[in-house]
Amino acid sequence: MKNFNALALPKTLHRALDNMAFYQPTPIQIKAIPPALSGRDILGSAQTGTGKTAAFGIPLVTKLMSNAQSKALVLAPTRELATQVISQLQTMLGKQSNVKSTLLIGGASMLKQIRQLRDHPRLIVGTPGRINDHLERNHLKLHDTGFLVLDETDRMLDMGFTIQVEKIMAHMPESRQTLLFSATLSKHIIKISKKYLSDPLQVIVDNPSAPAKKIKHKALRMSVKQKYSKLTEQLDQCDGSIIVFVKTKYQASKLATKLSKQQYRAIAMHGDLRQNKRERVLAAFRKRKYRILVATDIAARGLDIHHIKHVINYDIPQCSEDYIHRVGRTARAGTTGSAMCFVTPADEKKWRIINKTLNPTVKKNKAKKQLNK
């Protein structure tokens, strides 16, 4: 599959992909789309920013366009990711589409969602918590929903949504098609796939526990007192849009305010913001009204903004996997980017573990040299 024209897709979908400038399929799309179009269940793993949304979106939209009775559900771990997913799927469906869709996420109006569900949408995208709310109140029926996507499944399980996901599965027909995508294929993910997928095709692109190849990584060592001055130095040296990751919600707000007072175009993003406020923050950053987004790990997954050139870990992440997801906000769709870690003396152990993930062959090469002596 050299391009999307090689696929037997509805004409309106081909036009939508052209309008979205989707010409060359990515590796995950090449491997996942044809079998998904044929009806296979998919267990997919790929690095962030490799086109997973289109990998499940194209088969999903094809199904909805080809069968007027078909219905689809997409589960995502966060409001931000769910919002981005439904936006891309609606674009694929096209403005003239008669396929109704709805977004079911926490922090949004329950009454508005109930009204939309009364119109019998055929495409539902949402987070496990809010979807369960509607199921328990009998606002939502999934007995005839034959297409299911679990996006960022590892993140959903990490966030404690296992029980909610299983409750949702119980409302769905056993004869459905299921596409499960995850950044990592842990034992828990494999166990879930065996339970809920039918003879799935396993699709793995690159090493899912490694960061994108076109990211330049750098560690800057400093004391805690030096962190802010080092940050402004880096902001002055870097061009383009930047995400600065911090540990806490309070720190995100405080740091963004401090930077703004020094005439840096900065805005904060964290879990205490209401959903409509989060959407306004992301929209403003996407439109480049702000150059710097100061964020907690809420922005570490699912944020797809191609003009982000730099990721600065002002506070070092808790583990290698969190680092990989943070830095995955840059170098998306084949572009290049940089990632910096501010390492204080107390952070050295964490940085060594992260660095080992970035350079897994270093220790092996040292061992080989010692053996050859």
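This one's a predicted model, so the numbers in the text were calculated from it and none came from an experiment. (Residues numbered from 1 in each chain as written. Predicted model: local features only at pLDDT ≥ 70, side-chain atom pairs only at ≥ 80, totals over all residues. Heavy atoms only, no water.)

### Quick look at the overall build of the chain
Helix and strand counts for the chain come out as 15 helices and 13 strands. For the chain, the C-alpha radius of gyration of 21 Å lies close to 21 Å, the compact-globule estimate for 373 residues. Within the chain, the proportion of its 373 residues that are buried is 53%. If you take every contact in the chain between residues at least 6 apart in sequence, the share linking residues at least 24 apart comes to 74%. For the chain, the accessible area works out to roughly 18,400 Å², and carbon and sulfur atoms hold 50% of it. Of the charged side chains in the chain, 63 are positive and 27 negative, and the gap between their average positions amounts to 4 Å. (Helix = DSSP H or I, 4+ residues; strand = E, 2+ residues; numbered from the N terminus. Rg over C-alpha atoms; globule rule 2.2 N^0.38 Å. Buried < 20%, exposed > 50% of the residue type's maximum accessible area, 1.4 Å probe, protein only. Contact = heavy atoms within 4.5 Å. Areas by Shrake-Rupley, 256 points an atom, 1.4 Å probe, with all protein chains shown as cover. Lys, Arg positive; Asp, Glu negative; His and termini not counted. Charge placed at Lys NZ, Arg CZ, Asp CG, Glu CD.)

### A closer look at the packing of aromatic side chains
Under the defined criterion, the tally for this structure stands at 3 aromatic pairs. Between the aromatic rings of F56 and F181, the centroid separation amounts to 5.9 Å while the plane-to-plane angle is 50°, which identifies the pairing as tilted. Highlighted residues: F56 in helix α3 (residues 52–66) and F181 in strand β6 (residues 177–182), separated in sequence by 125 residues. Exposure class is identical for F56 and F181. Each is buried. Between Y314 and F342, the aromatic rings sit 5.8 Å apart at their centres with planes inclined by 50°, giving tilted as the arrangement. Placement of Y314 in the loop between β12 (308–313) and α13 (320–327) and of F342 in strand β13 (residues 337–343) is noted, with a sequence separation of 28 residues between them. Across the pair, F342 and Y314 agree in class, each one buried. Across from the ring centre of Y314, 4.7 Å away, lies the NZ or CZ of K227, which sits over that ring. The side chain of K258 reaches across the aromatic face of Y228, ending 4.0 Å from its centre. (Phe/Tyr/Trp six-rings, centres within 6.5 Å; stacked < 30°, edge-to-face > 60°. Lys NZ or Arg CZ within 6 Å of the ring centre and 35° of its normal.)

### Points about the sheet that holds strand β8 (residues 215–221)
Read from one edge of the open sheet, 6 strands run β8-β13-β12-β9-β11-β10, paired in parallel fashion. With one partner strand each, in any of the chains shown, β8 and β10 (266–269) form the two edges of the open sheet. For this sheet, the mean inter-axis angle between neighbouring strands, taken without regard to orientation, is 20°. Alignment of strand β9 (residues 241–245) against β12, held across 5 bridges, turns out to be parallel. Directly across from S241, in β12, lies its bridge partner I308. Against the sheet, helix α10 (residues 227–237) engages β8, β9, β11 (292–295), β12 and β13, with an angle of about 165° to β13. Helix-sheet contacts for helix α14 (residues 348–358) involve β8 and β13, and the interaxial angle to β8 is about 160°. (Pairing = 2+ DSSP bridges. Axes fitted to C-alpha atoms, helices over the stretch in contact; angles between N-to-C directions.)

### Some words on helix α11 (residues 249–261)
Note: α-helices contain 3.6 residues per turn, so residues at a spacing of three or four share the same orientation. For α11, which comprises 13 residues, the first-to-last C-alpha distance of 19 Å matches the rise-based estimate of 18 Å (1.5 Å per residue) to within 8%. Looking at α11, one finds that the buried residues are A252, L255, A256 and L259. Along the long axis of α11, the arc covered by the buried residues comes to 100°, so they all point the same way. Opposite the buried face of α11, at more than 90 degrees from it, the exposed residues are Y250 and K261. Its buried side turned inward, α11 meets α10, β9, β10 and β11. Positive phi shows up at Q263, right after α11, with a value of about 70°. (Expected span 1.5 Å × (residues − 1). Arc of directions from axis to C-beta.)

### Focus: the confidence of the model for the chain
In this model, the chain carries an average pLDDT of 89, and 92% of its residues clear a pLDDT of 70 or more. Low pLDDT, under 50, characterises residues 363–373; the predicted model gives this stretch 1 contact beyond four residues in sequence or across chains. (pLDDT = per-residue confidence, 0-100.)

### Side note on the nonpolar core
Counting residues in hydrophobic clusters, the biggest one holds 40 residues, and the most contacted among them are I58, L60, L89 and V125. Not counting the four nearest positions on each side in its chain, L89 is found in contact with G57, L60, V61, V74, L123 and V125. Core analysis: the next-biggest nonpolar cluster, separate from the first, contains 28 residues, I243, L303, I305 and I308 among them. (Core = buried A, V, L, I, M, F, W, Y, C linked by side-chain atoms within 4.5 Å.)

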